[in-house]
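# Report on the structure
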Amino acid sequence: MSASDIVVVGAGAMGAWTALRCRRAGWSTTLIDAFGVGHPRATSGDETRILRSSHGADAFYARWAREARVAWQTFGDEVGERLFHEVGMLWFARREDGFEAHSIATLTSLAIPIQRVSTDEIRGLWPQIGVDDLAYAAYEPEAGLVLARNGVAAAVRSFGTAGGRFELASVRPGAADGRRLLDVIAADGQRHSGGTFVFAAGPWLPQLFPALLGELITVTKQDVVFLGPAAGDGRFAAEWLPCWVDYDGAFYGVPAVDGRGMKIAPDRDGPPWDPTDGERIIDPDTVRQVRRYARRRFPDIADAPVVETRVCQYEATPDTEFILDRHPDFDNVWIAGGGSGHAFKHGPVIGSYLVSRIAGAPAGPDEDRFSLTRPRKRGAHMRTGAEARGEAP
């Protein structure tokens, strides 16, 4: 098979956007995925993902998220699909000096819209929300949700339209010549050669590079529940309710879209998970946890029927920072992973970043966070407070 300039392994948000950006940069590009685009095993599968700028005191990810929001909107207009829904985002604050307060200060300094909303204001604007245990909420009016499966599929279609080649295959690193990888080899023995390789295989990365990533990326099972509102009740739909996160409470949710149920999920790390052979059946205790939480926060939907469930996964680094770095043993191999439950929204920017690095741009001073070789400590977290995870803060 003739060589491509770029071979990207993994067609999730990171891989699909990297392949699309590479092709639009003029490089011949092959995108390979073991199960197809938007498949149910993928971390980038499911119906929706939250797109928000708040990352506590971290201004870097706030800027990236804002750039990604524009990219998702522009791309949706380009392909004629509404991929980003600007429904807003609520952060439920249980204390005055937590993640939410830091987010308000950071986003305000960056001129990204965010406002403090009192509990009385929440009751007036969204009476379906229980607020008795809250101090206030931080509200991002220009945040919202991305249609996840549709968004990835649209990126891959655009990649194909631009002349990229998609291959359905399960591959692993193949032959090497010194510090250069020559190809990847499929289960049937077929080889795909390339000049540069990007491995964006999500939860399969530790299997592809066990010595390098086996201890760095942890793959866990994450259950998601969709509760169905009563007939004629639109209060939990995206037209009437924002996305939301309870950072200290370790729950998040997305309002109902396209007639589906309201999505509610615990944000604690689940048990270790095999993304290939694990059966996508949620733990019954997850439903009990969701109902228990909803009785406090969304009491009118707490006992509604479960209309759908999902089993996703996190592939998380200890500090929940991404890995976007060159393989230490190969000059032409890049690793894109460690999404840690907050990478999807950044997909367009991650693709642009990798294209710039492949083209020779050095890492900036803020981008040491993506390094494969720096020490990573548990503690700082982009999704859930340390206390909610049962760790020392």
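Bear in mind that the values here come from a model prediction, so they are computed numbers and not experimental data. Residue indices follow the written sequence of each chain, beginning from 1 at its first position. Only residues with pLDDT of 70 or above have their local features reported here, since the model is predicted, and side-chain atom pairs are shown and tallied only from 80 upward, although totals for entire chains, interfaces and linings are computed over all residues. Only hydrogens and water are set aside; all other atoms, that is, all heavy atoms of the structure, feed into the side-chain values.

## Things to note about the pairing of strand S17 (residues 251–254)
Where we set the bar: Relative accessibility decides the category of a residue: with a 1.4 Å probe and only protein chains considered, values under 20% of the type maximum give buried, values over 50% give exposed, and everything between is partly exposed. Where helices and strands are cited, they refer to DSSP runs of H or I of at least four residues and of E of at least two residues respectively, numbered from the N terminus. Strands are labelled as partners when DSSP assigns at least two bridges between them.
Of the two faces of S17, the one carrying Phe251 and Gly253 and the one carrying Tyr252 and Val254 are both buried. The pairing of strand S16 (residues 243–246) with S17 spans three bridges and is classified as antiparallel. Counterpart to Trp244 in the pairing with S17 is Gly253. Here S16 folds back onto S17 in antiparallel fashion, the turn holding four residues, of which Ala250 has a positive phi close to 60°. As paired strands, S17 and strand S18 (residues 262–266) are joined by four bridges and run antiparallel to one another. Residue pairing in the sheet places Tyr252 in a bridge with Ala265 of S18.

## Points about the sheet that holds strand S8 (residues 144–147)
Operational definition: Here, two residues are considered to be in contact whenever any of their heavy atoms come within 4.5 Å of each other. A fitted line through C-alpha atoms represents every axis, and for helices the fit uses only the stretch in contact; the resulting angles, taken between N-to-C directions, go from 0 to 180 degrees.
An order of S3-S8-S4 is seen for the three strands of this open sheet, with the pairing classed as antiparallel. Pairing within the sheet leaves two strands with one partner each, and these edge strands are strand S3 (48–51) and strand S4 (84–85). Where helix H5 (residues 148–161) meets the sheet, its contacts fall on S3 and S8, and the angle it forms with S8 comes to roughly 55°.

## Here's the deal with the side chain of His327
One can find His327 in the loop between strand S20 (323–326) and strand S21 (333–337). Looking at His327, the relative accessible area reads 5%, which means it is buried. Residue contacts for His327: discarding those within four places in its chain leaves Arg179, Phe209, Leu212, Val333, Trp334, Ile335 and Leu372.

## A look at the sheet that holds strand S6 (residues 115–117)
Strand order in the open sheet formed by eight strands is S6-S7-S5-S16-S17-S18-S15-S19, and the pairing between neighbours is mixed. Either end of the sheet is taken by a strand with one partner, and the two such strands are S6 and strand S19 (306–316). Neighbour to neighbour, the strand axes of the sheet diverge by 20° on average, direction disregarded. The strands touched by helix H8 (residues 284–297) are strand S5 (89–93), strand S15 (218–227), S16, S17, S18 and S19; relative to S15, the strand with the most contacts, the crossing angle is about 55°.

## Comments concerning the pattern of salt bridges
Formally: In the sections that follow, a salt bridge refers to a side-chain nitrogen of Lys or Arg positioned within 4 Å of a carboxyl oxygen of Asp or Glu.
In the structure shown here, the tally under the stated rule is 37 salt bridges. Asp366 serves as the salt-bridge partner of Arg63, at 3.6 Å between the closest nitrogen and oxygen. Placement of the pair is Arg63 in helix H2 (residues 59–79) and Asp366 in the segment after helix H9 (347–358), with a sequence separation of 303 residues. Look at Arg63 and you get partly exposed, because its relative accessible area is 39%. A salt bridge links Glu308 to Arg260; its shortest N-O distance comes to 3.0 Å. One end of the pair, Glu308, is in strand S19; the other, Arg260, is in the loop between S17 and S18, and 48 residues separate them in sequence.

## Here's the deal with the pairing of S18
Among the five residues that make up S18, five are buried, leaving the element largely enclosed by the rest of the structure. The alternating pattern of S18 places Met262, Ile264 and Pro266 on one face and Lys263 and Ala265 on the opposite face, and all of these are buried. In this sheet, S18 lies alongside S15 in antiparallel orientation, the contact comprising three bridges. Counterpart to Leu227 in the pairing with S18 is Met262.

## Comments concerning unusual backbone geometry
Even without being glycine, Ala111 reaches a positive phi, approximately 60°. Residue position: Ala111 is located in the loop between helix H3 (99–109) and S6. Of note, Ser340 is a non-glycine position whose phi angle comes to about 55°, a positive value. Residue Ser340 is classed as buried on the basis of its relative accessible area of 0%.

## Let's talk about H3
Among all positions in H3, only Phe99, Glu100, Ser103, Ile104, Thr106 and Leu107 are buried. Contact partners of the buried residues in H3: H2, S5, S6 and strand S7 (136–140). Just past H3, the residue Ala111 takes up positive phi, approximately 60°.

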